[in-house]
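Residue-level listing of the chains:
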Amino acid sequence: MLEELKKSVMEANKELGEHGLVTLTWGNCSAFDKDSGYVVIKPSGVPYAELTPKDMVVVDLDGNVIEGVLKPSSDTPTHLYIYKHFPKIKAIVHTHSTFACAWAQAGKDLPVYGTTHADSFHGPVPCTRQLTPEETVNDYELNTGKLIVETFKSRDYVVTPGVLVRNHGPFVWGATLKEAVENAIVLELICHMAVATLTINPEAETLPKHIIDKHYYRKHGVNAYYGQDKNVASTTSRTTKATKPAKKSKKEIK
């Protein structure tokens, strides 16, 4: 069951390491399969380099293990709560990447200082409130999910596909695994850029709304025009392969 998705989730988890977003076993990646209603997630405490598709754990939205001999990530309740309340997403990435964690530890929303930020996140990336002692002691991971959803009561989780959990770290998501991983990469980079920006100029101004809108919507939405049309790109790829000159035989060379 879900063999292809297990492989994809494993590869996505390994990709986090390739981009320097995870250290040791800190972090996890999951994907939701809408047909079965199941979630595939990284096992708890297993080094990324050792992961195989069969190590991935399949759970239902209530946290019951459907497939797998290893324990699922300790953050599984957080992932499941997000999936239940953010129905347009199909993948979640949680890391402890350096600059995103530093910003979360500072307890501040991440302002939009430049167009790199606006290309992927339409507005500031919010930082949650602190968990209460009771929320921490009882159902900590579940309450982390509730905290994330609470933070988006007046925000659009589609156009702002990530959050900084205060004193913890980033959770990001997307409509696909590829999109979720890319959003994790971007969030770490824009957190790093923001730190550098404020180091150079502590009074740096944020990007005006009209430029934020321009950069976000030229890549997203019905009027997006960045990149190539998928059909054209596919046709171009096939044409290039078809018109590539064939190698001459030894007889022809002579």
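Model, not experiment: these values are computed from the prediction. (Residues numbered from 1 in each chain as written. Predicted model: local features only at pLDDT ≥ 70, side-chain atom pairs only at ≥ 80, totals over all residues. Heavy atoms only, no water.)

J.: Sorry if this is basic, but what is going on with the overall build of the chain here?
T.: Per the secondary structure count, the chain includes 10 helices and 7 strands. Judged by the C-alpha coordinates and their principal axes, the chain covers about 80 × 50 × 35 Å. Taking all 254 residues of the chain together, 43% fall into the buried category. Taking the contacts inside the chain whose residues are at least 6 apart along the sequence as the reference set, 63% of them involve residues at least 24 apart. (Helix = DSSP H or I, 4+ residues; strand = E, 2+ residues; numbered from the N terminus. Buried < 20%, exposed > 50% of the residue type's maximum accessible area, 1.4 Å probe, protein only. Contact = heavy atoms within 4.5 Å.)

J.: Teacher, can you tell me more about empty space enclosed by the protein here?
T.: Rolled over the atoms, a probe as big as a water molecule pinpoints where empty space is left. Here the structure, examined in full by the defined rule, presents 1 cavity of 30 Å³ or more. Considered as a void within the structure, the largest cavity measures approximately 40 Å³ in volume. For the lining of the largest cavity, the secondary structure elements donating two or more residues are strand 7 (169-174) and helix 7 (177-200). Per-class residue counts for the lining of the largest cavity are 7 nonpolar, 2 polar and 1 charged. (1 Å grid on protein atoms, 1.4 Å probe; cavity = no way out; pocket = protein on both sides within 12 Å on 5 of 7 lines; lining within 4 Å. Points joined across faces, edges and corners; volume = space filled by probe spheres on them. Nonpolar A, V, L, I, M, F, W, Y, C, P; charged D, E, K, R; others polar.)

J.: Even after reading the chapter, I still don't get the layout of surface pockets, so can you show me in this structure?
T.: Quantified by volume, the largest pocket comes out at close to 840 Å³. Lining the largest pocket are 30 residues, and of these Asp119, Glu179, Glu182, Lys219 and His220 lie nearest its centre. Mapped onto the lining of the largest pocket, the elements with two or more residues apiece are helix 4 (115-120), strand 7, helix 7, helix 8 (209-217) and helix 9 (230-243). Taken together, the residues of the lining of the largest pocket break down into 13 nonpolar, 9 polar and 8 charged.

J.: What exactly am I supposed to notice about the sheet that holds strand 6 (residues 162-165) here?
T.: Strand order in the open sheet made by the 7 strands is 4-3-2-1-5-7-6, with antiparallel pairing throughout. Looking at the sheet topology across the chains shown, the edges are occupied by strand 4 (65-67) and strand 6. Going across the sheet, the axis of each strand differs from the next one's by a mean of 25 degrees, ignoring polarity. Direction of pairing for strand 3 (residues 57-60) relative to strand 4: antiparallel, over a ladder of 2 bridges. Paired with Val59 across the bridge in strand 4 is Val65. Packing of helix 7 onto the sheet brings it into contact with strand 1 (28-33), strand 5 (91-94), strand 6 and strand 7, and relative to strand 7 it is tilted by some 145 degrees. (Pairing = 2+ DSSP bridges. Axes fitted to C-alpha atoms, helices over the stretch in contact; angles between N-to-C directions.)

J.: Hey, could you run me through the environment of Glu4 in this one?
T.: By the element assignment, Glu4 lies in helix 1 (residues 3-18). Separated by 116 residues in the primary sequence, Glu4 and Ser120 place their C-alpha atoms 28 Å from one another.

J.: Can you walk me through the nonpolar core in this structure?
T.: Proteins that are soluble and globular tend to have nonpolar side chains buried together. Among the nonpolar cores identified, the biggest contains 37 residues, and Val93, Leu110, Leu164, Leu177 and Leu187 are the most heavily contacted of them. At the level of elements, helix 1, strand 1, strand 5, helix 3 (98-106) and helix 7 are the ones that each hand at least two residues to this core. Ignoring anything within four residues of it in the chain, the contact list for Val93 reads Leu16, Asn28, Cys29, Pro170, Phe171, Val172, Ala180, Val181 and Ala184. (Core = buried A, V, L, I, M, F, W, Y, C linked by side-chain atoms within 4.5 Å.)

Just distances and angles here, no functional claims.
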